[in-house]
Amino acid sequence: MRSRTVREFLYEKPGSNRYTGGVSRRRFLAATGFTLGAAALAGRAVATAAPALDGDKVPALVIGSGYGGSVAALRLAQAGIDVLVAEMGMSWTKPGPDGDIFCPVLKPDGRSYWLRETTDQPVGYFLGGSYNKDIDRYTGVLDSEGFGGIRVYQGRGVGGGSLVNGGMAVTPKRENFGAILPSVNADEMYATYYPRANSALGVNHIDQNWFESAECYQFARVGRKHAERSGFGWTFVPNVYDFEYMKKEQANTVRRSALAGEVIYGNNAGKRSLDKTYLAAATGTGKVTIAAQHMVTSVTPSGSGYEVEMAQIDTQGRTTATKKVVADRVFFAAGSVGTSKLLVAMKAKGQLRNLSDAVGQKWGNNGNVMVGRANHMWDATGSLQSAMPCLGIDNWADAGGPAFAEVAPFPSGIETYVSLYLAITKNPNRAKFTFNSGTGKVDLNWQTAWNQSSIDAAKRIFDKINKKEGTIYRTDLFGVYKTWGDDFTYHPLGGCVLNEATDNYGRLHGYQGLYVIDGALIPGNTSVNPFVTITALAERNIERIIADDLG
């Protein structure tokens, strides 16, 4: 596929919106080397030209630009294959009226949330009142997608979840891997694919000497001290945030990002998100085109390939154009929820009727549960807190309730005396995606009561710490008199499990040329933050797919 053809396919009338400036396409391409799709449209719907080459042929189409999609795009391009990446979110490249690409955490605007009019923060309450604020409806960077028993936080934009996570780049312990992906050769993963993923992601480690005196990590040192005094092990955790840049932030010699509390609504400096690593390398090959604000709605067999229909949307989420291409191969990388919903819906509607009945099964929340503790006045956690965590409490070997608890920041800008934690537990419950013919939507049957096992595992750590320290749980962070943040997850996994819904390398049963290459392949739990495992698994799978299917 020639780059000129793709540019014609993506052509639309130029526009602007209230959050992004008027940087020209040519100037932006020259500055970044990216080839981008739909520019941000005005707050009102803007008519666009009909696609120039409706029905164009694409060698490889990747749905989504998160971890799996970014790996697929880069490695396919390096193998000489032209790739079109369809991303439903925006390209976050243009500054808003405040001069920043992303909005502040403490002053959210429409850039913060995906098509919402009120924020939906994980810590939604504080000191007895709601912490959420009214915002303008906009295709913001963080989606809080609600199902019957859970909210799922997902990144929206070129770079997917890498734009909105805390950057904790954790490789699970070798002894835990067999329970995560039992059909995958662990020796290969730890010898080849985890190192490859860590290198390409730009993972780095905190200077431990600097950590001991850094004002911004006082909260982490307090968390470590309390863990140690109660007999729990702890560990430093690598991150994709540039710790050398953070040192300069602490010294106030550069623009503050992590130290300005920037995390869930994006980081303006310092963070090595996918748009700066895998995707930058992919577009640098000249063989990858990213179509931002293009939402895939259907994939249907067509001759020797697949007809893929996409809705181009504006910043209000309204469809401004419908486009179709025919792809030789399609890689589903829309995230655990996005990929599962697409496949379940298309199977139910008969577009991909031969998909395995395992599609939609074994979805989990990585055992996520949050909790806060109220410390004594002599255990201040600091008013200046880095939004990038660097330390965790490791209680995974506890047979009575395994848990890994990230010592999380609470970057409110004031002293709160709060120790906040995100626990990852071995929750055995798995949910199922199903198509609701009455609403035309895909439902997920997760039950809030299923989180009790996660709460019980976390209590095995924090009940003991509270008893030792003479402290209590905060009950004003997740609701009124609500102790546990158990109704949301940052780490959706599963729904199209490897070696069940697909073969052992992500090929979808029943359809040659269709692949899943994201977190949907992992059955519900990774024992730690999952994005390094998603990346490493994608590296493993795409290497085999290129060798066997495209060689």
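Residues numbered from 1 in each chain as written. Predicted model: local features only at pLDDT ≥ 70, side-chain atom pairs only at ≥ 80, totals over all residues. Heavy atoms only, no water.

**Brief notes about helix H8 (residues 243-250)**
And then number 1: Where H8 is concerned, the buried positions are Phe243, Tyr245, Met246, Glu249 and Gln250. Seen from one end, H8 has its buried residues packed into an arc of 150 degrees, which puts them on one side.
And then number 2: Contacts made by the buried residues of H8 are with helix H6 (208-213).
And then number 3: The distance from a side-chain oxygen at the start of H8 to the backbone nitrogen of Glu244 is 3.0 Å, and the residue carrying that oxygen is Asp242.
And then number 4: Directly beyond the C-terminal end of H8, a positive phi value near 65 degrees is found at Asn252. (Buried < 20%, exposed > 50% of the residue type's maximum accessible area, 1.4 Å probe, protein only. Helix = DSSP H or I, 4+ residues; strand = E, 2+ residues; numbered from the N terminus. Arc of directions from axis to C-beta. Contact = heavy atoms within 4.5 Å. Polar contact = N/O pair within 3.5 Å; in protein donor to acceptor, adjacent residues only side chain to side chain.)

**Quick look at the sheet that holds strand E20 (residues 488-489)**
And then number 1: Taking strand neighbours across the sheet as the criterion, the three strands line up as E5-E6-E20 in an open arrangement whose pairing is mixed. Two strands close off the open sheet at either side, each with one partner strand: strand E5 (142-146) and E20.
And then number 2: Strand direction decides the pairing type here: E5 and strand E6 (residues 151-155), joined by five bridges, are antiparallel. Among the inter-strand pairings, Ser144 is bridged to a residue of E6, identified as Tyr153. (Pairing = 2+ DSSP bridges.)

**Let's talk about the pairing of strand E15 (residues 418-425)**
And then number 1: Burial analysis of E15 places eight of its eight residues in the buried class, the great majority of the element.
And then number 2: In terms of strand pairing, strand E12 (residues 368-374) meets E15 through seven bridges, oriented antiparallel. Each residue of the ladder has a partner; that of Asn368, found in E15, is Ile424.
And then number 3: As judged from the six bridges shared by strand E14 (residues 403-408) and E15, these two strands associate in the antiparallel manner. The residue bridging Phe404 from the neighbouring strand is Ile424, located in E15.

**So, the nonpolar core**
And then number 1: Counting residues in each nonpolar core, the largest one holds 91 residues, and the members touching the most others are Leu76, Val299, Val330, Phe332 and Leu343.
And then number 2: Residues within four places of Leu76 in sequence aside, it is in contact with Ala60, Val62, Ile81, Val83, Phe331, Ile542, Ile546 and Leu550.
And then number 3: Core analysis: the next-biggest nonpolar cluster, separate from the first, contains 68 residues, Tyr138, Val164, Phe243 and Ala408 among them. (Core = buried A, V, L, I, M, F, W, Y, C linked by side-chain atoms within 4.5 Å.)

Honestly, it's all geometry; don't read function into it.
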